[in-house]
Amino acid sequence: MTTPLLDLPTDTLAIRPWSDPVIDRVGHDPRSAYVEKFWLGILGPSTTWLLRHLAGELDLHPDGFVLSLPECATALGLGSKNGRHSPFARALIRCVQFGMARTDHEHELSVRRKLPPLTRRQAESLPEPRRTAHARWLEAELAVPRAQREQRRVRQLALSLLELGEDIETTQHTLSRWRYHPAMAREATEWAANRHRQALHAGGHPAGTAS
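Residues numbered from 1 in each chain as written. Predicted model: local features only at pLDDT ≥ 70, side-chain atom pairs only at ≥ 80, totals over all residues. Heavy atoms only, no water.

Trainee: So, the sheet that holds strand E1 (residues 12-18): which residues are in play, and what are the values?
Mentor: Strand order in the open sheet formed by four strands is E2-E1-E4-E3, with mixed pairing between adjacent strands. The open sheet has two edge strands with one neighbour each: strand E2 (65-68) and strand E3 (101-105). Direction aside, neighbouring strands of the sheet carry axes that sit 40° apart on average. When E1 meets E2, the two strands line up antiparallel, connected through four bridges. When the sheet's bridge partners are listed, Ala-14 is paired in E2 with Val-66. (Pairing = 2+ DSSP bridges. Helix = DSSP H or I, 4+ residues; strand = E, 2+ residues; numbered from the N terminus. Axes fitted to C-alpha atoms, helices over the stretch in contact; angles between N-to-C directions.)

So this is what it looks like as structure tokens:
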């Protein structure tokens, strides 16, 4: 599956969102604290930063976009070469190897918008301090009712969209497209708009924490 990524005859790659109803609901934004604390050591910094970059672009272009490989590699500090063994090529390969992306068609990469929680084996491979922290995080998550976790997650998404410059109508529509119930999308958008407005009036930036 990774061959098309290694032998691209052009300098561009079509990026498409990988729709997965389960992971999209329970997964973690690549820019989240969870990914930074627990996935970073498994994926490596280059792959993590690449997934974060792609997540930001998919926020702006939900249906997909064309990625300039040299520009992206340079922006991430991975040089401008796209050879088989370049750091950028290895980062792309690791995205596929770890199930964060897939090559459905030549010159096209489908990328997850959310990263799944660590499997038990992956969690056990973490260094002891991180392994303990992950166990505590899991216990805390299980103690929170599912509905509350879902509300917190969709509110965070709404706030992120508004911070990126989307208006209220577009934010609510985008959440609905991501398969959140219209009522939940509306409530989250209203909450995020209020939080965003308060931060702007205070002359600061939204804290980005949904509660």
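Let us keep going from here.
Trainee: Give a detailed account of the layout of surface pockets, specifying residues and quantitative values.
Mentor: Roughly 410 Å³ of internal volume is contained in the second largest pocket. Every residue lining the second largest pocket is counted, 22 residues in all, and those nearest its centre are Pro-17, Asp-24, Arg-113, Arg-177 and Trp-178. (1 Å grid on protein atoms, 1.4 Å probe; cavity = no way out; pocket = protein on both sides within 12 Å on 5 of 7 lines; lining within 4 Å. Points joined across faces, edges and corners; volume = space filled by probe spheres on them.)

Trainee: Give me the environment of Ser-32: which residues, what numbers.
Mentor: Along the chain, the position of Ser-32 falls in the loop between helix H2 (21-26) and helix H3 (33-43). With 82 residues separating them in the primary sequence, Ser-32 and Lys-114 have C-alpha atoms 9.7 Å apart.

Trainee: Lay out helix H11 (residues 182-201) with the relevant residues and their values.
Mentor: Spanning 20 residues, H11 covers 28 Å between terminal C-alpha atoms, matching the ideal 28 Å at 1.5 Å per step. Buried within H11 are the following residues: Ala-185, Ala-188, Thr-189, Trp-191, Ala-192, Ala-193, His-196 and Ala-199. Its buried side turned inward, H11 meets helix H9 (146-163) and helix H10 (168-177). (Expected span 1.5 Å × (residues − 1). Buried < 20%, exposed > 50% of the residue type's maximum accessible area, 1.4 Å probe, protein only. Contact = heavy atoms within 4.5 Å.)

Trainee: Before we move on, could you go through the pairing of strand E4 (residues 108-112) and cite the residues and values that matter?
Mentor: Summarising burial for E4: four of the five residues are buried, a large majority. Note: E1 against E4, five bridges, orientation parallel. When the bridges of E4 are listed, Pro-17 appears paired with Val-111. Pairing geometry for E3 and E4, over three bridges, is antiparallel. Looking at the pairing, His-105 lines up with Glu-108 of E4. Hairpin connection between E3 and E4: a loop of two residues separates the two successive antiparallel strands, and His-107 in this loop has a positive phi of roughly 70°.

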